[in-house]
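Chain and residue survey
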Amino acid sequence: SFVASYWEEKYIQVSVGSNPIPFQPYQLIIGHEYLPSADFKGNNFYIPKDIYVASGRTIELYYSQILLNYHKYNIKAQCSIGASLERKFQIKGDDAHIGNYPLTISVYDDNANLLASTLTTIHIIDASVDNITILPIGDSLTNGKSWLAEVRNLSNNAVSFVGTRKTGYGSDLAIRHEGRSGGSCMMYNTDEVSYTYNDSGYDGVGADAATFDSSKSYAVGDFCKYGDAVYVFTSAHSGAWNASHVRNISQSNPFWDWTNNKFSINHYKSFYGINYNAIMIFLGTNGISLTPKTNENGALGIKTLVENIRKEDTTTPIIVVNTIYRSGQNGIGTQGNTDGYKAQSEFKFDADRKVMLLAKAVEDMIGDMENVYICPVGFTHDSEYNFGNVKKEVNPRLTDTSEVFELFPLDSVHPQLEGYLQMADEIFSIICAVVA
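Presented here is an overview of the structure given in this document. (Residues numbered from 1 in each chain as written. Predicted model: local features only at pLDDT ≥ 70, side-chain atom pairs only at ≥ 80, totals over all residues. Heavy atoms only, no water.)

One non-glycine residue, Asn 261, adopts positive backbone phi at about 55 degrees. In this fold, Asn 261 is placed in the loop between strand E16 (256-257) and strand E17 (262-263). (Helix = DSSP H or I, 4+ residues; strand = E, 2+ residues; numbered from the N terminus.)

Moving on, we come to the pattern of salt bridges. Note on pairing: side chains with opposite charge can pair once their charged atoms come close. A complete count under the given rule lists twelve salt bridges for this structure. Residue Asp 382 is joined to Arg 87 by a salt bridge in which the shortest nitrogen-to-oxygen separation is 2.7 Å. Taken together, the residues span a long stretch of sequence, with Asp 382 in the loop between helix H9 (377-380) and strand E21 (390-392) and Arg 87 in the loop between strand E4 (83-84) and strand E5 (88-92) at a distance of 295 residues. Owing to a relative accessible area of 7%, Asp 382 belongs among the buried residues under this scheme. One salt bridge in this structure joins Glu 346 and Lys 354, with 2.9 Å as the shortest N-O distance. On the accessibility criterion, Glu 346 (12% relative accessible area) is buried. The class of Lys 354 is buried, set by a relative accessible area of 11%. (Salt bridge = Lys/Arg side-chain N within 4 Å of Asp/Glu carboxyl O. Buried < 20%, exposed > 50% of the residue type's maximum accessible area, 1.4 Å probe, protein only.)

This part covers the layout of surface pockets. The calculated volume of the largest pocket comes to roughly 440 Å³. What lines the largest pocket is a set of 17 residues, and nearest its centre among them are Ser 64, Tyr 70, His 71, Lys 348 and Glu 384. Looking at the lining of the largest pocket, the elements with two or more residues in it are helix H2 (63-66) and helix H8 (348-366). Of all the elements, H8 adds the most residues to the lining of the largest pocket, at three residues. Residues belonging to the lining of the largest pocket are distributed by class as follows: four nonpolar, seven polar and six charged. (1 Å grid on protein atoms, 1.4 Å probe; cavity = no way out; pocket = protein on both sides within 12 Å on 5 of 7 lines; lining within 4 Å. Points joined across faces, edges and corners; volume = space filled by probe spheres on them. Nonpolar A, V, L, I, M, F, W, Y, C, P; charged D, E, K, R; others polar.)

Moving on, we come to the sheet that holds strand E13 (residues 229-233). Spatially, E12-E13-E15 is the arrangement adopted by the three strands of the open sheet, whose pairing is antiparallel. Pairing within the sheet leaves two strands with one partner each, and these edge strands are strand E12 (223-226) and strand E15 (246-248). Put simply, the sheet's adjacent strands are angled 35 degrees from each other on average, direction ignored. As defined by bridge partners, E13 adjoins E15 across three bridges and the pair is classed as antiparallel. Among the inter-strand pairings, Tyr 231 is bridged to a residue of E15, identified as Asn 248. (Pairing = 2+ DSSP bridges. Axes fitted to C-alpha atoms, helices over the stretch in contact; angles between N-to-C directions.)

Turning our attention to empty space enclosed by the protein. This structure, assessed with the given rule, holds three cavities of 30 Å³ or more. The calculated volume of the largest cavity comes to roughly 50 Å³. In terms of lining, the largest cavity is formed by Leu 283, Ile 302, Val 320, Val 321, Asn 322, Thr 323, Val 355, Leu 358, Ala 359 and Val 362. Put simply, the parts of the chain that give the lining of the largest cavity at least two residues each are strand E19 (318-321) and H8. Residues belonging to the lining of the largest cavity are distributed by class as follows: eight nonpolar, two polar and no charged.

What follows covers the nonpolar core. Leu 61, Ile 122, Leu 135, Ile 281 and Val 320 are the most contacted members of the largest nonpolar core, which has 64 residues in total. Take this core: its biggest share by element is seven residues, from H8. Residue contacts for Leu 61: discarding those within four places in its chain leaves Ile 47, Ile 51, Ile 66, Arg 87, Lys 88, Phe 89, Ile 91, Leu 103, Ile 122, Phe 379 and Thr 380. Counting 35 residues, the second-largest nonpolar core is a separate cluster that includes Ile 134, Ala 158, Val 159 and Ala 424. (Core = buried A, V, L, I, M, F, W, Y, C linked by side-chain atoms within 4.5 Å. Contact = heavy atoms within 4.5 Å.)

Another aspect to go through is the pairing of E13. E13 sits mainly inside the fold: five of its five residues count as buried. The side-chain alternation of E13 yields two buried faces, one formed by Ala 229, Tyr 231 and Phe 233 and the other by Val 230 and Val 232. The hairpin formed by E12 and E13 contains two residues between the paired strands, and Gly 227 there has a positive phi angle of roughly 70 degrees.

Right, here's the structure in full:
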């Protein structure tokens, strides 16, 4: 009875080691060092190897675009310049710090375990630039967009853009481009994808041509209008309209040499009389996928376009611009077919993975090519705030947005003016670094 009474009132505690520890009521105690780290996916962590900052510009790297689902982890940015802020790393370029600075981005779990680390280089660049001409090839993010004019403004008009199109710029001869809303790599690499998007008229070469006149004789290279399209004569012609003698240039690949049935940058230069000091490729939004290395509109298509150019132009600098991340889920979920973009139903995480995988694949496939440079606009553009906001009702019955509302992006693909201006900061910076 003594033993029973004793065990009814007393407790046994087993401790590890030779020294007793104070009594603790029974519970399952596991030290933090034994807890597993958060499931970390290295494929969702990436930063381009070079970041360019022209003197006078402020460039920001957004953690949500470097590490997908970054709120699950802890990010530490280490660099001798710049500021590590809550959601971004900010670099202000100035003349006193011109040079190259390593930046290390490390990812930790809540137990301070290092999960991954990567290195990039910040290049602070002198913002002065000589007179140069650049040929931009792109989609709706280039077609008549404000970053072109802002880059020219930042350069004090030293940078001019050339191309067959003037959409959005009217009589400004210093801002032309090859941007086509809905455009894709395949459109420029082949002659099989026609350009059918109506962007309020074709404002390019031949746009001022007279309507076809069957009483006139036309030479090779003459332009005319027939119906709603602009045509160029590919062979001499007189008499009634004959479609085999013309090419619809408002709906076709300007880089296609129809005589030799191939992509030809030399044909483009000679036929349209266009010369340049550098080429800029800003593609990947249309047809983006989770398999960019095998996608003719993804990294594979960008590599093909670079190789097509290099067949006849082996020395001109080529700048490849990373496409940008989409807005938040509210914008993605309500996105319509706008500015040539065909909306698709998807989740924000999948959309982000497509952009990150494309950027990684581009670097893998062309990053080591001579005189080819990658512009990290996709990582320096603020996708959280640059797509604008509009008030929406919070549910179908609570429709008064004067006090209670949700903010939805205006668009999930095409940013507002401020977004294009922020793009211009990084594009201008890389121009100063590799072309000036």
